[in-house]
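One-letter residues, chain by chain:
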Amino acid sequence: MTDAAMPPVQPQVARREERIGLLLVFLSALVWSFGGAIARFLETPDSWTVVFWRSLWAAVFLIGFMMLRDGVRGTLKLFRDMGLPGVAVAACFAIASTSFIVAIAHTTVANVVLMQAGVPLIAALLAFLLFRERVAPATWAAIAAVICGVAIMVSESFDGSVSPIGDGLAVLIAFAFSIATVITRRYSHVRMTPATCLGTIFAASFAATQAGGFAVSGYDMTWLFAFGALNLGLGLACFATGARLIPAAFTALLGTFETLLSPVWVWLFHGEIPSTRTLLGGAVIFTALLVHIALEFQRMSRPQRAGVTGLPSPN
């Protein structure tokens, strides 16, 4: 092969990897979108029992995935290298995944997933408050819209329409994921797969101390396996593999499919219809997110300026 034939090969490889990344991230959003619908099939009344088995199956899947991909030594090295930032991300993930199970026992799936749509913008706000990262004016406007949208959705708990526990936990989930996002951005060596695997171990360990029992029916165990290994574990494996191959803006855009599809599956399979205020507040949050993503794509097409969110300022 001549030197002149070499240059076209690299762009083809890059484009192929990007297409694979896009497909994997989309599949992760699709898989995750079934979480609420699967939870509604479960008959086990104890949320902590659900958390235990879901987290355990997810941990088993993720450990198997890492050992298959990286080997035993490579897997151990991944856990060692993530350090304290990885442990912090694991704690955030444990809080979020546990809160999700308890939250959907008290509120609609739509309430939970629509609040999660604001995570990228809440992360930008936290990065400003904690690290003084500059935030573009348009992002500030989007953050304000997210706050308004969340306020509209949470207002249902003030008049007794829904449990304040459910909405409170939905907000907690959004903040836990936002904190994990900020940590991952600040400490780029943190690998998502081992950190979240550790998070499932944390969640299972804590749930084991709270659960009234571990015995479930064969019917429930089948759904719990799907809930943990496939919905949580497989979704995370696809995301962790694909997100490294595409720009963050594409990842955020494809992630919106989870927000869109989750309420649809619950409606189709279980007839759960979101309230008017959930739809209104969710529409505000979702619109703000899409505008933010559009601006990110616009920013990507321009020369980068130091000091704007996500870019370090010069020393």
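Residues numbered from 1 in each chain as written. Predicted model: local features only at pLDDT ≥ 70, side-chain atom pairs only at ≥ 80, totals over all residues. Heavy atoms only, no water.

Asker: Help me understand unusual backbone geometry, please; the structure alone is not making it clear to me.
Answerer: Of note, the phi angle at R132 is positive, near 55°, even though the residue is not glycine. On the secondary structure map, R132 appears in the loop between α6 (119-131) and α7 (137-158). By relative accessible area, R132 is classed as exposed at 58%. (Helix = DSSP H or I, 4+ residues; strand = E, 2+ residues; numbered from the N terminus. Buried < 20%, exposed > 50% of the residue type's maximum accessible area, 1.4 Å probe, protein only.)

Asker: Is there a simple way to explain the packing of aromatic side chains in this structure?
Answerer: A ring pair, where both rings are aromatic, is described by two values, the distance of the centres and the angle of the planes. Evaluation of the coordinates by the stated rule reveals 12 aromatic pairs. When the ring of W48 is compared with that of F206, the centres are 5.4 Å apart and the planes differ by 75°; the resulting orientation is edge-to-face. Taken together, the positions of W48 in helix α3 (residues 47-81) and F206 in helix α9 (residues 192-210) put the pair 158 residues apart, joining distant regions of the chain. Ring geometry for W265 versus F269: centroids 6.4 Å apart, planes at 20°, classification stacked. Of this pair, W265 and F269 both sit in helix α11 (residues 248-270), 4 residues apart, which is roughly one turn of that helix. W265 sits in the buried class, given a relative accessible area of 17%. Put simply, the rings of F34, F41, W223, W265 and F269 touch in pairs and so form one group of aromatic residues. (Phe/Tyr/Trp six-rings, centres within 6.5 Å; stacked < 30°, edge-to-face > 60°.)

Asker: Would you mind showing me how to read the packing of α6 against helix α8 (residues 164-186) here?
Answerer: Between two packed helices, the angle of one axis relative to the other and the distance separating the axes together describe the packing. In contact at an axis separation of 8 Å, α6 and α8 are set at 60° when each is read in the N-to-C sense. With respect to each other, α6 and α8 are oriented oblique. When you trace α6 past α8, the crossing you get is right-handed. For the pair formed by α6 and α8, the contact residues are V119, I122, A123, L126, A127 and F131 on the first element and A174, F175, F177, S178, I179, T181, V182, R185 and R186 on the second. Grouping the constituent residues of the contact of α6 with α8 by class yields 11 nonpolar, 2 polar and 2 charged. (Axes fitted to C-alpha atoms, helices over the stretch in contact; angles between N-to-C directions. Parallel < 35°, antiparallel > 145°, perpendicular 65-115°, else oblique. Left-handed = near helix turned anticlockwise from the far one by under 90°. Contact = heavy atoms within 4.5 Å. Nonpolar A, V, L, I, M, F, W, Y, C, P; charged D, E, K, R; others polar.)

Asker: Sorry, what's going on with the environment of L236 here?
Answerer: Topologically, L236 is positioned in helix α10 (residues 218-242). A sequence separation of 204 residues divides L236 from W32, and the C-alpha atoms of the two residues are 8.5 Å apart. With residues up to four places along the chain from it excluded, the contact list for L236 reads W32, L62, M192 and T196.

Asker: How should I be thinking about a nonpolar patch on the surface in this particular structure?
Answerer: Taken together, I63, M67, V72, L76 and I201 make up a surface patch of nonpolar side chains, about 390 Å² in accessible area. Examining the composition of the nonpolar patch, we find that 4 residues originate from one element, α3, more than from any other. Looking at the secondary structure, you find V72 in helix α3. (Patch = residues over 30% accessible without salt bridge, like charges linked within 9 Å, V, L, I, M, F, W, Y side chains within 5 Å. Areas by Shrake-Rupley, 256 points an atom, 1.4 Å probe, with all protein chains shown as cover. Salt bridge = Lys/Arg side-chain N within 4 Å of Asp/Glu carboxyl O.)

Asker: For this particular structure, what's the right way to read the confidence of the model for the protein?
Answerer: When pLDDT drops low, the exact placement of atoms in the prediction is not to be read closely. Chain-level statistics for the protein give a pLDDT mean of 85 and a share of 89% at 70 or above. Contacts of residues 304-315 to residues separated by more than four positions or lying in other chains number 19 contacts, the stretch itself having pLDDT below 50. (pLDDT = per-residue confidence, 0-100.)

Asker: I tried to follow the environment of S28 on my own but got confused; where do I start?
Answerer: With respect to the helices and strands, S28 occurs in helix α1 (residues 9-32). Sequence-wise, S28 and E258 are 230 residues apart; in three dimensions their C-alpha atoms are separated by 8.5 Å. With sequence-adjacent residues up to four places away left out, S28 is seen in contact with G235, C238 and F239.

Asker: I would appreciate a short explanation of the packing of helix α4 (residues 83-103) against α9 in the present structure.
Answerer: Packing of α4 against α9 leaves a shortest axis separation of 7 Å and a crossing angle of 55°. With respect to their mutual orientation, α4 and α9 come out oblique. The element α4 and its partner α9 pack so that their crossing is right-handed. Mapping the contact onto sequence places G86, V87, V89, A90, A91, F93, A94, S97 and T98 in α4 and A195, T196, L198, G199, T200, F202 and A203 in α9. Looking at the contact of α4 with α9, its residues break down into 10 nonpolar, 6 polar and no charged.

Asker: Is there a simple way to explain the pattern of salt bridges in this structure?
Answerer: Two side chains that carry opposite charge are able to pair once their charged atoms sit near each other. For the structure on display, the rule yields 5 salt bridges. The partner of E272 in a salt bridge is R40, with the nearest N and O atoms 2.8 Å apart. One end of the pair, E272, is in the loop between α11 and α12 (276-300); the other, R40, is in helix α2 (residues 35-41), and 232 residues separate them in sequence. In this structure E272 comes out as buried when scored by relative accessible area, which is 18%. Judged by its relative accessible area of 26%, R40 is partly exposed. The residue R186 makes a salt bridge to E133 at a minimum N-O spacing of 3.4 Å. Note that R186 is positioned in helix α8 and E133 in the loop between α6 and α7, a separation of 53 residues in sequence. When its relative accessible area of 13% is taken as the criterion, E133 is described as buried. Counted as one network, the salt bridges with shared partners bring together E133, R185 and R186.

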